[in-house]
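The chain contents come next:
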Amino acid sequence: MTVHVMTPEEVTKKVINKEELFILDVRNESDFQDWKIEGANFQYLNVPYFELLDGVEEILSKFPADKDILVVCAKEGSSVMVAEMLSEAGLTVSYLQGGMKAWSEYLEPVKVADLKDGGELYQFVRIGKGCLSYMIISNGEAAIIDATRMADVYVDFAESKKAVVTHVFDTHLHADHISGGRMIAEKTKATYWLPPKDAEEVVFSYEPLEDGNEVMVGRTPIRIHAMYSPGHTIGSTSFVVDDQFLMTGDILFIDSIGRPDLAGKAEDWVGDLRETLYTRYKELSEELVVLPAHFMIIDELNEDGSVSEKLGVLYAKNHGLNVADEAAFRKLVTENLPPQPNAYQEIRKTNMGKTTPDTEQQREMEIGPNRCAVR
Amino acid sequence: MENMTVNVQLDAKGLACPMPIVKTKKAMKDLEPGQVIEVQATDKGSKADMKAWAESTGHQYLGTIEEGDVLKHYLRKSSEEEAVERKHPNVIDNKGLEKKLQENNSLVVLDVRETAEYAFNHIPSAISIPLGKLEERMNELSKEAEIYVVCRTGSRSDLAAQKLTENGFERVINVVPGMSEWTGETESIE
């Protein structure tokens, strides 16, 4: 039987549509435990490829007869080998094109809304890593928020919509992924905005993003209103877009809240985080639709694959917004935190422009889940 | 720093996963138990995989040295040494040696494992003479000194202790079990 190839895009469709899939992950056990392809109806078997070098007979009985089988490894090579062995043994299987590296890099553009004056808002779901970025398009112009390092995806997408990228924003200095903001700005001659309090050490020029800044996109303007909202980082800034959407960066997620410790200042920033979540956001309309920079678990995806929820609903349901006691809140966001994102300090340095690792090194640095939240 | 002697060198540079492991597995077949292989690879993922593969197959993963883009992995083929009955009568356990070292750090500790094993993990003051070289290098040691002989599990050091005794060394003590369970201070080139 022939071995099939499944692309990250095809796997993403299965995640969004909650389809069934049987994944044989042939990476070593610790890598699998740390990070894998998540799907509501996915089943898993983890057997490292190096235990299958002498044959796959021992695992043949573990595959269901009625499900698609996908073999996954780090970069593709081992999954091709194992898929071929399984195929020779009579099974119909696919391998994941590009492996977990490609999975980590795949971006699924999902349209979130049509904006008031003919504009459009897209969310780019980085399904493998849980990062969310945004593009606002209006009348031939585009603005991008919290871009990943896959700069071409955004530039090409804007082009396909016949829009020129005019503004690029980062809500904060990211610690879990390498920002594509600067590169996109360089390619498109757009203005790159960063909160100055997060950018004290950056070695390139940028436009300081400050509380109350308003930026227009398109001739029929879509308003992007910056709102200072420290806590995850000291400079963290949120945006109110088109009076309908609240982009919260890494401050507030759907089922969790931002962690204040990734720049080494958890204790100092707890107060800011609480102030932002319990006072500043509270003063906003409950009708605003929250668009965060991350999701943690696949359950946070809506039916169409997007990640969003009304602020009012989050105030009712998100545990992190409902810790009345200040001491308990402090404990929640400073103790028993999940492990820090892989290479987060190197990633911060890269985002400051202090180091310029090559693409392969950047891939290695970003391996794994984002881990920016506290539940 | 140390000169590491290896029995086989394997070039897996430029090869992507799974090839470094596939080639290592093949090369390992031709090694004698206890011999050491150096695998040169450029695939960054090979480090974690070598380690996990060695653990699953019973070979010893000694360590990895990075030289520019090249990762040099050191592995030792599994041997049945644990099963051998020990004969040298004079022994001390790890804790005992650790205590003695705290009292007197000029004790003579002789590490008879392969140089690559020594390189990645050894007692700071230990002298390295692999068991296979002991015969010819015995003259580097003083016959009057108290010599604590250590290896990974106590078997090679037992053979070394017997050999030293046969050659007129009178105060030879075998350390049991040795480096596999050593919790005291260590040094490494990593």
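These figures come from a predicted structure and were not determined experimentally.

Helix and strand counts for chain A come out as 11 helices and 20 strands. Rg of the C-alpha trace for chain A: 21 Å, near the compact-globule value of 21 Å for 375 residues, within the 12% margin. Dimensions of chain A along its principal axes, counting C-alpha atoms only, are 65 × 50 × 40 Å. When burial is assessed residue by residue, chain A has 50% of its 375 residues classed as buried.

Facing 15 residues of chain A, the contacting portion of chain B comprises 13 residues. Of all the elements, helix H3 (residues 77-88) of chain A adds the most residues to the side of chain A that touches chain B, at three residues. Among the residues making up the side of chain A that touches chain B, the classes are represented as seven nonpolar, three polar and five charged.

With that settled, the discussion passes to the sheet that holds strand S16 (residues 245-249) of chain A. All names here are of chain A. Read across the sheet, six strands follow the order S13-S14-S15-S16-S18-S19 without closing on themselves; strand pairing throughout is mixed. The strands lining the two open edges of the sheet, one partner per strand, are strand S13 (214-217) and strand S19 (309-310). Of the pairings in the sheet, the one linking S13 to strand S14 (residues 222-228) comprises four bridges and is antiparallel in character. Bridged to Val217 within S14 is Ile222.

All names here are of chain A. Spatially, the seven strands line up as an open sheet ordered S6-S7-S8-S9-S10-S11-S12, and their pairing is mixed. Each edge of the open sheet carries a strand with a single partner, namely strand S6 (108-114) and strand S12 (207-208). The sheet strands contacting helix H5 (residues 151-160) are S6, strand S8 (131-138), strand S9 (141-145) and strand S10 (164-169), and the helix crosses S8 at an angle near 25°. Each of S9, S10 and strand S11 (191-194) is contacted by helix H6 (residues 181-188), which is oriented at about 150° to S10, the strand it contacts most.

Now for the environment of Ile224 of chain A. Residue and element names in this part refer to chain A. Turning to its location among the elements, Ile224 is positioned in strand S14. Here Ile224 falls in the buried class, since 23 other C-beta atoms lie within 10 Å of it. Considering only alpha carbons, one finds Ile224 and Gly180, 44 residues apart in sequence, at a separation of 20 Å. Every residue in contact with Ile224, bar those within four places of it in the chain, is listed here: Ala143, Glu214, Val215, Val217, Phe239 and Val241.

Bringing the pairing of strand S18 (residues 289-292) of chain A into the picture now. All names here are of chain A. Where S16 lies against S18, four bridges are found, and the strand directions are parallel. Across the sheet, the residue bridging to Phe245 is Val289, located in S18. With two bridges connecting them, S18 and S19 associate as antiparallel partners. Residue pairing across strands places Val290 opposite Glu309, the latter belonging to S19.

Residues and elements named next belong to chain A. Entries for chain A in the domain assignment read domain 1 (4-102) and domain 2 (107-374). Of note, the centres of domain 1 and domain 2, computed from C-alpha atoms alone, are 32 Å apart. The interface is formed by nine residues belonging to domain 1 together with eight residues belonging to domain 2. Among the residues making up the side of domain 1 that touches domain 2, the classes are represented as four nonpolar, two polar and three charged.

Glancing now at helix H1 (residues 8-16) of chain A. All names here are of chain A. Within H1 the residues assigned to the buried category are Pro8, Val11, Thr12, Val15 and Ile16. Seen end-on, H1 carries its buried residues on one side only, within an arc spanning 140°. Directly after H1, the chain includes Lys18, whose backbone phi takes a positive value near 55°.

Residue and element names in this part refer to chain A. With respect to the secondary-structure elements, Ala185 resides in helix H6. According to the C-beta neighbour criterion, Ala185 is buried, with 24 such atoms within 10 Å. Note: C-alpha distance between Ala185 and Leu337 (152 residues apart in sequence) is 34 Å. Setting aside its immediate chain neighbours within four residues, Ala185 contacts Val168, Ala190, Thr191 and Tyr192.

Conventions and cut-offs
Residues numbered from 1 in each chain as written. Chains lettered and ligands numbered in written order. Predicted model: local features only at pLDDT ≥ 70, side-chain atom pairs only at ≥ 80, totals over all residues. Helix = DSSP H or I, 4+ residues; strand = E, 2+ residues; numbered from the N terminus. Rg over C-alpha atoms; globule rule 2.2 N^0.38 Å. Buried ≥ 20, exposed ≤ 12 C-beta atoms within 10 Å, placed from the backbone. Contact = placed C-beta atoms within 7 Å. Nonpolar A, V, L, I, M, F, W, Y, C, P; charged D, E, K, R; others polar. Pairing = 2+ DSSP bridges. Axes fitted to C-alpha atoms, helices over the stretch in contact; angles between N-to-C directions. Domains from an automatic or database assignment. Arc of directions from axis to C-beta.

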